[in-house]
Amino acid sequence: MVDDTRVHSARRYNYWLGGKDNFAVDRESGDMIAAAFPGVRITARENRGFLRRAVTHLAAEAGVRQFLDIGTGLPTADNTHEVAQRVAPSSRVVYVDNDPMVLVHARALLTSTPEGRTHYLEADLRTPEKILADPEVLDVLDLDRPVALMLVAVLHFVRDDAEAREIVRTLVDALPSGSYLALSHATTDFTDAEGRARYLSMIDAGQVDAYPRTAADLALILEGLEVLEPGFVAVSEWRPDDDGPRPDAGDVAIYGVLARKP
Ligand SMILES: C[S@@+](CC[C@H](N)C(=O)[O-])C[C@H]1O[C@@H](n2cnc3c(N)ncnc32)[C@H](O)[C@@H]1O
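Residues numbered from 1 in each chain as written. Predicted model: local features only at pLDDT ≥ 70, side-chain atom pairs only at ≥ 80, totals over all residues. Heavy atoms only, no water.

*Asks:* Please provide a residue-by-residue account of the environment of Leu-138, values included.
*Replies:* Within the element layout of this structure, Leu-138 appears in helix α7 (residues 135–140). Leu-138 sits in the partly exposed class, given a relative accessible area of 40%. Put simply, Leu-138 and Val-94 are 44 residues apart on the chain and 9.7 Å apart in space, counted from C-alpha to C-alpha. Leu-138 has contacts with Leu-132, Ala-133 and Leu-143, leaving out every residue within four places of it along the chain. (Helix = DSSP H or I, 4+ residues; strand = E, 2+ residues; numbered from the N terminus. Buried < 20%, exposed > 50% of the residue type's maximum accessible area, 1.4 Å probe, protein only. Contact = heavy atoms within 4.5 Å.)

Below, the structure is given as structure tokens:
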């Protein structure tokens, strides 16, 4: 059931990206956060740029042909399978999201090339074992071959550090060596003390639900994986593909990281 009385992160993010698939509650929440943090629309845009560049790298340079994209979001430009299949039409992508509205749109819009496959699963990141045991997921993805796990702007909705670590460990353990994790994650590492205090007070008031982590927190979550160059940087600084001016990392406030399972 699609609930239009409760804010949903996918719809609010769609609003920040200039999309139309959102309700009044999502716009109100989006405007309130944007009033306190005017950079948030930049964050959304830059985060999409990271996703595009990371998938392009994975498909073109690393030769990855399978993607497990958890926290899909509402379809927009350059969705994971479009970017991957542009490089390699045989790429297979499983999209997972816990918002039923995302899945309705995804089924309609995220259609595969004839050579590749796409699949959509309504499931929660917090129950990774269910995702990994789903027969259709296992029909699309061969877990004996490298998979790129995409956790792009979703892990920060899991507040508890131990739970976040366990989720990533469960998912990564199921994938073979040579698999990758593309992660983007909210942070206040680039924010000044006043902005950080403001952000934390909005979390306490239940006005934002993206819990920031530091680079050190994320390094613990990624323990056992090789973090590839350039390491932990704002998504906008992650292997930019043009020389244009880039926004201030403090406005972006979200890390982009690519790691490989040895
Ligand atoms: C901010 S959007 C990110 C979309 C896309 N990954 C991107 O970066 O452009 C977060 C998405 O994660 C989904 N989501 C949030 N919590 C989730 C959970 N526990 N399990 C699965 N999906 C979740 C939301 O429904 C939303 O579609």
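Still more to cover.
*Asks:* Lay out helix α1 (residues 9–16) in plain terms, naming residues and giving numbers.
*Replies:* Judged by how many residues are buried, α1 sits mostly within the fold: seven of eight residues are covered. Inspection of α1 places Ala-10, Arg-11, Arg-12, Tyr-13, Asn-14, Tyr-15 and Trp-16 among the buried residues, and these make up the whole buried set. Phi for Gly-18, located one or two positions after α1, is positive at around 90°.

*Asks:* Which residues make up the site of the ligand, and what values go with them?
*Replies:* Around the ligand sit 20 residues, and of these Tyr-13, Asn-47, Arg-48, Gly-71 and Asp-97 come closest. In this structure, Tyr-13 approaches the ligand through a side-chain N or O atom, which is 2.6 Å from an oxygen atom. Within the backbone of Gly-73, one N or O atom sits 3.1 Å away from an oxygen atom of the ligand. Relative to its free-state accessible area of 590 Å², the ligand is covered by the protein chains to the extent of 96%. Elements represented by at least two residues in the shell around the ligand include exactly α1 and α3 (40–60). A total of three residues in the shell around the ligand trace back to one element, the largest contributor, which is α1. Grouping the amino acids of the shell around the ligand by side-chain chemistry returns nine nonpolar, six polar and five charged. (Near = heavy atom within 4 Å. Polar contact = N/O pair within 3.5 Å; in protein donor to acceptor, adjacent residues only side chain to side chain. Areas by Shrake-Rupley, 256 points an atom, 1.4 Å probe, with all protein chains shown as cover. Nonpolar A, V, L, I, M, F, W, Y, C, P; charged D, E, K, R; others polar.)

*Asks:* Lay out the pairing of strand β1 (residues 66–70) in plain terms, naming residues and giving numbers.
*Replies:* By the criterion of burial, β1 is predominantly enclosed, with five of the five residues buried. Neither face of β1 is left uncovered, since the one carrying Gln-66, Leu-68 and Ile-70 and the one carrying Phe-67 and Asp-69 both have all their residues buried. Sheet topology places β1 next to strand β2 (residues 92–97); five bridges connect them, and they run parallel. What sits directly across from Ile-70, in β2, is Val-96. After leaving β1, the chain enters helix α4 (residues 80–87) and then returns to the sheet as β2, a path that is right-handed. Pairing geometry for β1 and strand β4 (residues 148–152), over three bridges, is parallel. Paired with Leu-68 across the two strands is Leu-149, which belongs to β4. (Pairing = 2+ DSSP bridges. Right-handed = clockwise from strand over helix to strand, strands pointing away.)

*Asks:* Quick rundown of the pattern of salt bridges? Include the residues and the values.
*Replies:* What the rule picks out here adds up to 17 salt bridges. Here Asp-78 makes a salt bridge to Arg-52, at a shortest N to O gap of 3.9 Å. A residue pair is termed long-range when its members are at least 10 positions apart, and Asp-78 in the loop between β1 and α4 and Arg-52 in helix α3 qualify at 26 residues. Ionic pairing is found between Asp-78 and Arg-86, a salt bridge with its closest N-O pair at 2.5 Å. (Salt bridge = Lys/Arg side-chain N within 4 Å of Asp/Glu carboxyl O.)

*Asks:* Report on the packing of aromatic side chains, specifying residues and quantitative values.
*Replies:* With the rule as written, the count across this model stands at five aromatic pairs. For the pair Phe-37 and Tyr-199, a centre-to-centre distance of 5.4 Å together with 70° between the ring planes defines the contact as edge-to-face. Here Phe-37 is found in the loop between α2 (24–36) and α3, whereas its partner Tyr-199 is found in helix α9 (residues 193–204), with 162 residues between them in sequence. Judged on exposure class, the residue Phe-37 and its partner Tyr-199 are both buried. Taken together, a centroid distance of 5.9 Å and an interplanar angle of 5° make the contact between Tyr-95 and Tyr-120 stacked. Here Tyr-95, found in strand β2, pairs with Tyr-120, found in strand β3 (residues 117–122); they are 25 residues apart in sequence, far enough to count as distant. The two residues Tyr-95 and Tyr-120 agree in class, both being buried. These aromatic residues form a ring-pair network of at least three members: Phe-190, Phe-232 and Tyr-255. Across the ring face of Tyr-15, the terminal group of Arg-41 is positioned such that the distance to the ring centre comes to 5.7 Å. Its guanidinium or amino end placed over the ring of Phe-37, Arg-198 lies 4.9 Å from that ring's centre, counting from NZ or CZ. (Phe/Tyr/Trp six-rings, centres within 6.5 Å; stacked < 30°, edge-to-face > 60°. Lys NZ or Arg CZ within 6 Å of the ring centre and 35° of its normal.)

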